[in-house]
There are 2 protein chains.
Amino acid sequence: MLEQEIIARYFSRHSTDAHVELGVGDDGAVVRPPDNSKLVITVDTLNEGTHFHANCSPEHLGHKALAVNLSDLAAMGATPLWATLSLSLPEIEHPWLEGFSRGLYSLADRHGVKLVGGDLVRGARSISVQATGYLASGQALTRSHAEPDDLIYVTGTLGDAAVGLRLLEEAEKHAVSEKDRDSFLLHLNRPQPRVEVGREIAAFASAAIDLSDGLFLNLEQLLQMSGVGARVDLEQLPLSDAMQRWQQADADWDLVLSGGEDYELVFTASPQYGEEVNNVSTRTGCPITEIGCIALGGELELLQAGHRYRPPDSPGFDHFG
Amino acid sequence: MLEQEIIARYFSRHSTDAHVELGVGDDGAVVRPPDNSKLVITVDTLNEGTHFHANCSPEHLGHKALAVNLSDLAAMGATPLWATLSLSLPEIEHPWLEGFSRGLYSLADRHGVKLVGGDLVRGARSISVQATGYLASGQALTRSHAEPDDLIYVTGTLGDAAVGLRLLEEAEKHAVSEKDRDSFLLHLNRPQPRVEVGREIAAFASAAIDLSDGLFLNLEQLLQMSGVGARVDLEQLPLSDAMQRWQQADADWDLVLSGGEDYELVFTASPQYGEEVNNVSTRTGCPITEIGCIALGGELELLQAGHRYRPPDSPGFDHFG
């Protein structure tokens, strides 16, 4: 089966629309951005052995490869438009391609993203998605404009994906109910990018970043780029019911602070926008929790019961650190 | 050294400009397309072992990874604007990154392309570049509108890169002068994307494709998508001086027809545009040669001295064919 035929079978579902004049199948895709808009571009790659195990469900991978990019767009306050896919595979396995494309298109359709092009090549299994969105507000939400006294918020809950990963790696060590296990794995395998929240907070938030590498590392990046410090109260960190039960059995703040793969948004906003934050949470159905505030000093201070808490042993995921 | 620091050191050279509001370093890049323009998007991946050898010069790789994408933009008639890079590496080697980024930026600067973002991850060595351009003419040059009686043209010369690859793989078998060897390897290692030609022919050409997989396979793709056939005269195919000498020693039309990696453009145009084709060639300094014409019938007929010539044994490069 030729490369072209594989692409036609698995990756040509999306037809043209107002923003896509020509999709998959030529030397390039032809797209039409909304008039006079600013675009946001992001790219993220998942490699077998580094980001996922060889036996990982292809449907989860298809979902996740796009989700991590939509999460980046959300952190910039952008509305997704289209994406491209570069897929390296050691060989053609039809059930794998079937599952992978199902996972990818299912998430794409939920957010109105069109797959407009890509590349299919032989190599170690690797998935690179590049996604483009536009700024409806005209204003990007960067990492670099947090101000002292701004409040710090986080969407969803923290640490679930990290527990999910731990359960995959050392299942026998942990006694967890089936329901909790499913919940942890769902966070790991099918993260839900906070696209609507990102778009809505762009109007008033001062800075944002998405949590790919853990709250501690990602928040530090935001603080560094904004030239500010912060105080975060561990007791305010949002934990799922499953995570609360996990913490009772085996309290591990490092997992919550630096486990990574949460794909939630951390953002900052002036205290005057408290009402707006509540409204966004209500409209989108996404929990948003205040976890601390920005300070003048240049470091990230963790507090527990009013006392200073040590930084996590490993600050977060870094490929070459 | 952290991922962030490596990116800052090697991949943050481009500053903002009229089209780039925010480059490398945040969750995504913020770009501003030319007003009311159509964009062309393309992505191409090079994998070690599949597309290049482990000992390939990193500077050549940096050049080539971008060149193959600019070649796709050229084949669509688009003017390059910006690009992203996803780089997978088994480990950090500073001389390699130094050379790679030098090759990449050198070509980017020549064509006014800005590197606006990317991803650096651990994995088997793999380079995925995604490039975006805009259609100054408002009209994309696709593969699907060649018409019977259109003439077929090709830029530059054919087969040099394929000989270069053969010389790398079995140097001892071939007696070639040092000068010719350098010329072949230059075509292989530093293909020059035909960006100016692509932009200029977009005004009158009926169809185009770039030659990544060999003239025979790529022209067949164009014919298939246009629903036409073609006659191509082998004696009209443009050969470099080095290639003419190679053919004298060891006539091998398969190498010329299906060697791949030429990264030249094949395009079709109504015979009335002969003068325009000459003008484009003069203005850009790029040789353009008429090699045949489009026919009503649905196949690609090769002719030599007026007789039918057999199709190449292997039609061209296909990853999974």
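The model shown is predicted, which means the values in this text are computed figures rather than measured ones. (Residues numbered from 1 in each chain as written. Chains lettered and ligands numbered in written order. Predicted model: local features only at pLDDT ≥ 70, side-chain atom pairs only at ≥ 80, totals over all residues. Heavy atoms only, no water.)

K.L.:
Honestly, the overall build of chain A in this entry has me stumped. Any pointers?
P.N.:
Along the backbone of chain A there are ten helices and 13 strands. For 321 residues, the compact-globule estimate of 2.2 N^0.38 gives 20 Å, and the C-alpha radius of gyration of chain A, at 20 Å, lies within 12% of that figure. The buried share of chain A, taken over its 321 residues, is 59%. Considering only residue pairs separated by 6 or more positions, chain A has 85% of its internal contacts joining residues 24 or more positions apart. Here chain A displays about 12500 Å² of accessible surface, and carbon together with sulfur accounts for 47% of that area. In chain A, 23 positive and 47 negative side-chain charges are present, and the distance between their average locations comes to 4 Å. (Helix = DSSP H or I, 4+ residues; strand = E, 2+ residues; numbered from the N terminus. Rg over C-alpha atoms; globule rule 2.2 N^0.38 Å. Buried < 20%, exposed > 50% of the residue type's maximum accessible area, 1.4 Å probe, protein only. Contact = heavy atoms within 4.5 Å. Areas by Shrake-Rupley, 256 points an atom, 1.4 Å probe, with all protein chains shown as cover. Lys, Arg positive; Asp, Glu negative; His and termini not counted. Charge placed at Lys NZ, Arg CZ, Asp CG, Glu CD.)

K.L.:
When you look at the environment of Val-43 of chain A in this model, what are you seeing that I'm missing?
P.N.:
All names here are of chain A. You can see Val-43 is positioned in strand S3 (residues 39–47). Val-43 gets classed as buried once you look at its relative accessible area, which sits at 7%. Expressed as a C-alpha distance, the spacing of Val-43 and Glu-170, which sit 127 residues apart in the sequence, is 31 Å.

K.L.:
Please explain the side chain of Asp-210 of chain B as it appears in this structure.
P.N.:
Along the chain, Asp-210 of chain B falls in strand S8 (residues 207–210). Buried and unpaired, Asp-210 of chain B has Arg-143 of chain B as its nearest opposite-charge partner, separated by 5.3 Å. Looking at Asp-210 of chain B, its side chain comes within polar contact range of the side chain of Ser-71 of chain B, at 2.7 Å. With near-sequence residues (within four places) excluded, Asp-210 of chain B lies in contact with Asp-27 of chain A together with Val-68, Ser-71, Asp-72, Ala-75, Asn-218, Tyr-263, Glu-264 and Leu-265 of chain B. (Salt bridge = Lys/Arg side-chain N within 4 Å of Asp/Glu carboxyl O. Polar contact = N/O pair within 3.5 Å; in protein donor to acceptor, adjacent residues only side chain to side chain.)

K.L.:
I'm lost on the interface of chain B and chain A in this one. Help?
P.N.:
With 63 residues of chain B at the interface, the matching set in chain A holds 63 residues. Together chain B and chain A conceal approximately 5100 Å² of surface at their shared face, both sides included; 52% is due to carbon and sulfur atoms. Three residues, Asp-27, Ile-41 and Phe-320 of chain B, lead the burial of chain B against chain A; their summed loss comes to 17% of the area buried on that side. Linking chain B with chain A are six salt bridges, by the criterion used here. Note that Lys-38 of chain A and Glu-21 of chain B form a salt bridge whose closest N and O atoms lie 2.9 Å from each other. The leading source of residues in the side of chain B that touches chain A is strand S3 (residues 39–47) of chain B, at eight residues. By residue class, the composition of the side of chain B that touches chain A is 27 nonpolar, 21 polar and 15 charged. In the sheet, S3 of chain A pairs with strand S2 (residues 29–31) of chain B via three bridges, with the strands oriented antiparallel. Bridging from a neighbouring strand, Val-40 of chain A pairs with Val-30 of chain B of S2 of chain B. (Buried area = accessible area lost by both parts, 1.4 Å probe. Nonpolar A, V, L, I, M, F, W, Y, C, P; charged D, E, K, R; others polar. Pairing = 2+ DSSP bridges.)

K.L.:
Is there a simple way to explain the environment of Pro-90 of chain B in this structure?
P.N.:
All names here are of chain B. In this fold, Pro-90 is placed in the loop between strand S4 (79–89) and helix H3 (94–110). Along the primary structure Pro-90 and Ala-124 are separated by 34 residues, whereas in three dimensions their C-alpha atoms are 5.6 Å apart. If near-sequence neighbours (up to four positions away) are discounted, Pro-90 is found in contact with Arg-122, Gly-123 and Arg-125.

K.L.:
Looking at this model, I keep getting lost on the packing of helix H2 (residues 58–75) of chain A against helix H3 (residues 94–110) of chain A. Mind explaining?
P.N.:
The relative placement of two packed helices comes down to the angle between their axes together with the axis-to-axis distance. Residue and element names in this part refer to chain A. At a minimum axis distance of 6 Å, the contact between H2 and H3 shows a crossing angle of 35°. As H2 packs across H3, the resulting crossing turns out to be right-handed. From H2, Pro-58, Glu-59, Leu-61, Gly-62, His-63, Leu-66, Ala-67 and Leu-70 reach across to H3, where they touch Trp-96, Gly-99, Phe-100, Arg-102, Gly-103, Leu-104, Leu-107 and Ala-108. (Axes fitted to C-alpha atoms, helices over the stretch in contact; angles between N-to-C directions. Left-handed = near helix turned anticlockwise from the far one by under 90°.)

K.L.:
Can you walk me through the packing of aromatic side chains in this structure?
P.N.:
How two aromatic rings sit relative to each other is set out by the distance from centre to centre and by the angle between their planes. Residues and elements named next belong to chain A. Taken as a whole, this structure holds eleven aromatic pairs over all chains when the rule is applied. Arranged with centres 5.0 Å apart and planes meeting at 10°, the rings of Trp-96 and Phe-100 form a pair that is stacked. In this pair, Trp-96 and Phe-100 both sit in helix H3, four residues apart, roughly one turn of the helix. Feature note: the residues Tyr-10, Phe-11, Trp-96 and Phe-100 constitute an aromatic cluster, connected by ring pairs. (Phe/Tyr/Trp six-rings, centres within 6.5 Å; stacked < 30°, edge-to-face > 60°.)

K.L.:
Mind showing me how you'd approach the relation of the copies chain B and chain A here?
P.N.:
What relates the pair of chain copies is a rotation about an axis plus a shift along that axis. With an RMSD of 0.0 Å, the operation that places chain B on chain A is a rotation of 180° combined with a shift of 0.0 Å along the axis. Given the turn and translation reported, the copies of this chain are related as if by a two-fold rotation axis. (Least-squares fit on C-alpha atoms with pLDDT ≥ 70 in both.)

K.L.:
When you look at the sheet that holds strand S9 (residues 229–233) of chain B in this model, what are you seeing that I'm missing?
P.N.:
What links the strands of a sheet is backbone hydrogen bonding, and the strands pair in either a parallel or an antiparallel sense. All names here are of chain B. Overall, mixed pairing links the seven strands, which are arranged S8-S10-S7-S11-S9-S12-S13 in an open sheet. Only two strands of the sheet have a single partner each, and these edge strands are S8 and strand S13 (307–309). Across the sheet, the axes of successive neighbouring strands diverge by a mean angle of 30°, strand direction being ignored. Of the pairings in the sheet, the one linking strand S7 (residues 151–155) to strand S10 (residues 265–269) comprises four bridges and is antiparallel in character. Bridge pairing in S10 links Tyr-153 to Phe-267. With respect to the sheet, helix H7 (residues 215–226) is in contact with S7, S8, S9, S10, strand S11 (288–295) and strand S12 (300–304), its orientation differing from that of S8 by roughly 150°. Seen against the sheet, helix H10 (residues 274–284) touches S7, S10 and S11 and runs at an angle of roughly 150° to S11.

Any functional reading would require information beyond the geometric quantities listed.
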